[in-house]
Each structure stands twice: as C-alpha cells, then as structure tokens.
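Examining the three-dimensional arrangement
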Amino acid sequence: MKREILADGVTAAFPDYPLAVEAHGLVFVSGMRGGRPGVEPKSIAELPETAQHLASDYGLLNAVEGPVIADAWTAFENLTKVLAAAGSDQSQILRLHIWQQDKRWFPRLEQVRMVWQPEPCPSSGLGVGTVCGQFGAHYGLNAIASVPGLSQTYPKRDVVKAFDNADYPSASFYSQAVACGPLVFLAGHIPIQTTAPGKPVVASYDDVPEEGRAMATGRSHPDSRHGPIAAQTWFTYDEIRKNLAAQGLGMEHIVQLTIFLADLRDMPDFLRVHAQFFPEGGPAITITGFDEVGHKGTLLEIEPVAVNPAAGLSVTPHSWQIPAPLPGAAAVTVDKFCFLSGMIGMTSDGVLAGSSACIEEGEGRALVAELERFERVPGLAAQCWASFDRMAETLKAASLDLASLTKMTVFMADPQDFLIFEAIRRARLSDTLPAMEGICVFGPGPVEGAHVQIEAIAAQA
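My aim in this report is to walk through the structure given alongside it, one point at a time. If you're wondering where the values come from, they're calculated on a predicted model, not measured in any experiment.

1. Some details on the overall build of the chain
From N to C terminus, the chain includes seven helices and 20 strands. Relative to a compact globule of 461 residues, whose C-alpha radius of gyration would be 23 Å, the chain shows 21 Å and is just as compact. Considering only C-alpha atoms, the chain reaches an extent of 65 × 55 × 45 Å along its principal axes. Per-residue burial over the chain gives 58% buried out of 461 residues. Just so you have it, the chain exposes about 17800 Å², and 51% of that area is on carbon and sulfur atoms. Averaging the coordinates of the 33 positive side-chain charges in the chain and doing the same for the 52 negative ones gives two points 1 Å apart.

Dropping the structure here:
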C-alpha cells in the first residue's frame, strides 16, 4: 500500500502533493527546495555551526557565494527531514536529481553535499531555466531511497561502484551505481573520458573506436554535424555497458532510461545510435531538452535503471496503445513497480494535440476549451489532457490506474504552465496523489512543440 509521508515544518514545493510516498519499501521524495515556512536563509551566517566552515574569510566572497550555499544547505536539510520521517536517511538514497539554476556554482553545491552525504548516491545534476515551485531559488532536489527493514525484496542500499572506484571513476562526488535488492540505479553518465589525463570530453568520431563510427561518412560537413552527438552517445552507452558488465548484467537488463539533451535537434541522431545498443526496441524512455547538461560541452546525459535477473522477478514490457512515438516500451513492470516512458500530449493518432478539438467530446474537451483562454502557448491545455490519456491507457495495460502513481516528474517550459497542468490534474487525479517534481526547461518533450512530458513510476497495491 502507498503511504504518504509527512514531516514537521517542511512544505512541498508544489501544493497539494505529499512530501514523499512510500511503497513496498522504497520512498519517492517530492521536489525539495532551499526553504520552508520561516526558514529561507540567504547567507552562511544564518546556517548551523556545522556549515560555518563553508564561509570564506572575505566578505565579498561570502556575499556572492553565501546565498547559493545557504540554498543548497537547506534543500539537503529538508531532504534529510523527509527521509527521516519515512524511516530512512541519506545513506539509503538510490537516485538523486539536482536541478541547478546556474551550474557555475556547482563546486559550492558539491561542498555542501559532501557534508550531508559522506557516501554519495548516484545522481544527475542538470541546469534548468528556473527552479520552480515554492521556495524555488538556486537548487531543487528529488530522490528515491530505500527504507531499511520494510521489504525483503528491497531491503537496503548497497554501493556497487563508489565515486572513487579506480576502474570507473566518477566525474564528481557521486557513486556510479548502487543496488537495492534486484534494482540497480546508475548515475547519469556523460561523455567524459574520466580515465584519461585531463578527463577530456568526447568531441568527434576520432575519440571513439571504429565500432562507434557506424554513422560516419568520411565527409567533413555531415560528420561535423552528427559526429559529436553520435560519438558522445556511443561512448556514453558503451560506458554504461561496461559498468553493467562488471556487475554481471547487460544492456538488455535496463528497464528505464532518462535522456537529457542539450539540443533537441540531436534527438534523431541520438536514436540512431540508441538502436545499436537496443536492437529489439529497448526499455521505457524519456527524452528532454535541458538548459545545461554535464560539463565541458557535453551534449547529453543518460540515466539508467536496471534489474538483476538473478532475483527471478517478473519483468514485463507494455506496448504503446498509440502509434509508438519513440522506440522502446510504453512501460516496463518489474515486480510490483511499473516504470513509464515519458508521456507527452499526443492524440490516439500519434500526433501532438493542438487544441480542444483534439480531445474526445465530453467534460475533458469542455475543460480544455475553458483553459485555452489562459494558456501561455496554444495547445498547452490539450497536451496536458492528452498526456494523462496516454498515461492512463498505459497503466491500464499494466493492470494499474492513475491512483497507483507513486512518483511523477512533470517537465514544462514556464512556471505559469503548471497552473494549466494542475487544473487538468485535479480533473484526472484528486486522491492518493504521488510524489511530485516540476521542472522548467527549454525542451519539455523530445521534439519542438511538445509543451509537457510526464515521467512516472507506479506501484501495485
């Protein structure tokens, strides 16, 4: 059964939603921000004694860096409070997302994280246009963690590849992989050659072996266009393959992928390389365009979840109920959890909804037509409704429904757009809400014109 988590004094970034939801021994934490009622520190001096070592000896440096350090500290503090209320702590985090309004301050964030997480979890750190939601400023966090003692299947976190692993060194302070029973969570992988001197970025076909050059033409113009994303995609997937192989796993054991792109125009070439690693279609997949991905000019980040077949759990892919928008399953069920692909606002014909005329006649069309008067961009309300249609039919194919959702991440382009989304959500789902995170990025969906995308995990009762 789903269990809503409450924590004294902490407020969710998005009203109405629980701070976290626990199901079958895993806890899904909603978006955490660097503030709560009565606590919005803007300087290091306002933080506890344990944070004072983060201050500089110089006042101007503290004036510049203090607000970002204070915001990061309080976001991690709020995360700790919510995990404690669920019976967990930061040593049990399986997946952490870090949304950053300006990645220039990442070194200060890392200093804060080292205090809160001596044994870091796998993570992905992305640059966003706006850290939206209540108390949103410089940073946003959300997480999945285990709750020790609640489940025999998902008992606790085991670090598989630590941040200082000699064979798979991390690009910063995070673990490459952790396991919780049969589930394996890998950090977001980027095309940085961390074992080479200077840790250079993969820049072209010249930086990958012959097997990574399947798309190369030998002609300068096309190779300069698709070469960087093709080489970076191949290298990143090959690193993931090696990481899994060291655990006795293969690419076929990946059940869910989240892809962060720096340029949505790279999506077609990304998918051509993706098909080399997943010739049978592959896992559930979400593709979004982020304002800053990785560092050193990396064009993508790939974040996988895999399952160890040795556990003997049932793994069931579910097909799309519409013309497939992307390769891979619409969802993959693993034991009691269902990992959904990113749901975008497509009609049953497989095209992006453009207006209320695309919505089936009835209360839905009437609501969308009413909301169209307030939408920031045409088609926003229709796509929000259609994304719930796609999610509902996918869950139904997995013998679940919208009430089974435990975690929902919503990608949109502007904070205003969440007002439209929430009006639609209240009409489609009003009880037993999931953990919620809202992200503002330039590319909410995998193609231009997609105004919303929902990435979700559901759980059987």
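2. Quick look at the layout of surface pockets
Within this model, the largest pocket holds a volume of roughly 350 Å³. Where the lining of the largest pocket is concerned, the elements lending two or more residues are β10 (254-261) and β14 (315-318). Taken together, the residues that form the lining of the largest pocket break down as 14 nonpolar, three polar and two charged. In this structure, the second largest pocket occupies an estimated 290 Å³ of space.

3. Some words on the environment of Leu 141
Mapped onto the elements of the fold, Leu 141 is located in strand β6 (residues 139-146). Along the chain, Leu 141 and Leu 96 lie 45 residues apart, while their C-alpha atoms are 7.0 Å from each other. The residues touching Leu 141, leaving out its near neighbours within four places in the chain, are Ser 30, Gly 31, Met 32, Arg 33, Ala 75, Phe 76, Leu 79, Leu 96, His 97, Ile 98, Trp 99 and Glu 437.

4. Regarding the side chain of Glu 110
With respect to the helices, strands and loops of the structure, Glu 110 is situated in helix α2 (residues 106-116). Buried and without a salt bridge, Glu 110 has Arg 113 as its closest oppositely charged side chain, separated by 6.6 Å. Non-local contacts of Glu 110, meaning those with residues more than four positions away in its chain, are made with Ser 172 and Phe 173.

5. Looking at the packing of aromatic side chains
Within this structure, the stated rule accounts for twelve aromatic pairs. Note on Trp 99 and Phe 290: the rings are 5.6 Å apart at their centroids and 20° apart in plane angle, and the pair reads as stacked. With Trp 99 in strand β4 (residues 93-100) and Phe 290 in the loop between β11 (284-289) and β12 (292-293), the pair connects residues that are 191 residues apart, well separated along the chain. Of the two residues, Trp 99 and Phe 290, neither departs from the other in class, the shared state being buried. Ring-pair connections join several aromatic residues into one group, and the members of that group are Trp 234, Tyr 237, Phe 270, Phe 277 and Phe 278. The cationic tip of Arg 104 hangs over the ring face of Trp 105; the distance from NZ or CZ to the ring centre is 5.9 Å. Over the aromatic face of Trp 385 sits the side chain of Arg 428, whose NZ or CZ is 4.4 Å from the ring centroid.

6. Things to note about the sheet that holds β12
Strand pairing in a sheet takes place through backbone hydrogen bonds and is either antiparallel or parallel in direction. Taking strand neighbours across the sheet as the criterion, the seven strands line up as β1-β2-β3-β6-β4-β5-β12 in an open arrangement whose pairing is mixed. One side of each edge strand has no neighbouring strand; the edge strands of this open sheet are β1 (3-5) and β12. In this structure, strand β3 (residues 26-33) lies alongside β6, joined through six bridges in antiparallel fashion. Counterpart to Met 32 in the pairing with β6 is Leu 141. Contacts from helix α1 (residues 59-86) reach β1, β2 (20-23), β3, β4 and β6 within the one sheet, and its direction differs from that of β3 by about 150°.

7. Notes on the nonpolar core
Residues Met 391, Leu 405, Met 408, Val 410 and Phe 421 are the most contacted members of the largest nonpolar core, which totals 47 residues. If you list the elements that add at least two residues to this core, you get β16 (337-340), β17 (343-344), α5 (363-371), α6 (380-397), β18 (405-412), α7 (417-428), β19 (435-440) and β20 (452-459). Per-element tally for this core: the top contributor is α6, with nine residues. Dropping the residues within four chain positions of it, Met 408 is found in contact with Tyr 17, Met 391, Phe 421, Pro 434, Ala 435, Met 436, Glu 437, Ile 454, Glu 455 and Ala 456.

Parameters at a glance
Think of each chain on its own: its residues are numbered from 1, step by step along the sequence as written. pLDDT decides what is reported in this predicted model: residues at 70 or higher carry local features, side-chain atom pairs at 80 or more are listed and counted, and totals for whole chains, interfaces and linings draw on all residues regardless. In computing side-chain values, all of the structure's heavy atoms are included and hydrogens and water are not. Helix and strand definitions here come from DSSP, where helices need a minimum of 4 consecutive H or I residues and strands a minimum of 2 consecutive E residues; each element is numbered from the N-terminal end. This radius of gyration counts C-alpha atoms alone. The globule rule is 2.2 Å times how many residues there are, raised to the power 0.38. Exposure categories follow from relative accessible area, calculated using a 1.4 Å probe and restricted to protein chains: below 20% of the type maximum is buried, above 50% is exposed, and the middle band is partly exposed. Using a 1.4 Å probe, accessible areas were evaluated by the Shrake-Rupley method; residue-level cover was limited to the displayed protein chains. In summary, the charge assignment counts Lys and Arg as positive and Asp and Glu as negative, without counting His or the chain termini. Note that the charge is assigned to NZ on lysines, CZ on arginines, CG on aspartates and CD on glutamates. Within this scheme a cavity is a closed region of a 1 Å grid, computed over the protein atoms alone, that accommodates a 1.4 Å probe without allowing it to escape, whereas a pocket is open but has protein on both sides within 12 Å along at least five of seven lines; lining residues each have an atom within 4 Å of a point. Grid points are joined across faces, edges and corners, and a volume is the space filled by probe spheres set on the points. Ten residues, namely Ala, Val, Leu, Ile, Met, Phe, Trp, Tyr, Cys and Pro, are considered nonpolar, four, namely Asp, Glu, Lys and Arg, are considered charged, and the remaining ones, Gly among them, are considered polar. In this description, contact between two residues means that some pair of their heavy atoms is separated by no more than 4.5 Å. Here, a salt bridge means any side-chain nitrogen of Lys or Arg that lies within 4 Å of a carboxyl oxygen of Asp or Glu. Pairing of aromatic rings covers Phe, Tyr and the six-membered ring of Trp, with a centre-to-centre limit of 6.5 Å; geometry is then stacked below 30 degrees between planes, edge-to-face above 60, and tilted otherwise. Look at NZ for Lys and CZ for Arg. If either is within 6 Å of the ring centre and within 35 degrees of the ring normal, a charge sits over the ring. Only when DSSP finds a minimum of two bridges between them are two strands counted as paired. Interaxial angles span 0 to 180 degrees and are taken between N-to-C directions of axes, which are lines fitted to C-alpha atoms, for helices over the stretch in contact. Take the buried residues of types Ala, Val, Leu, Ile, Met, Phe, Trp, Tyr and Cys, join any two whose side-chain atoms come within 4.5 Å, and each joined set is a nonpolar core.

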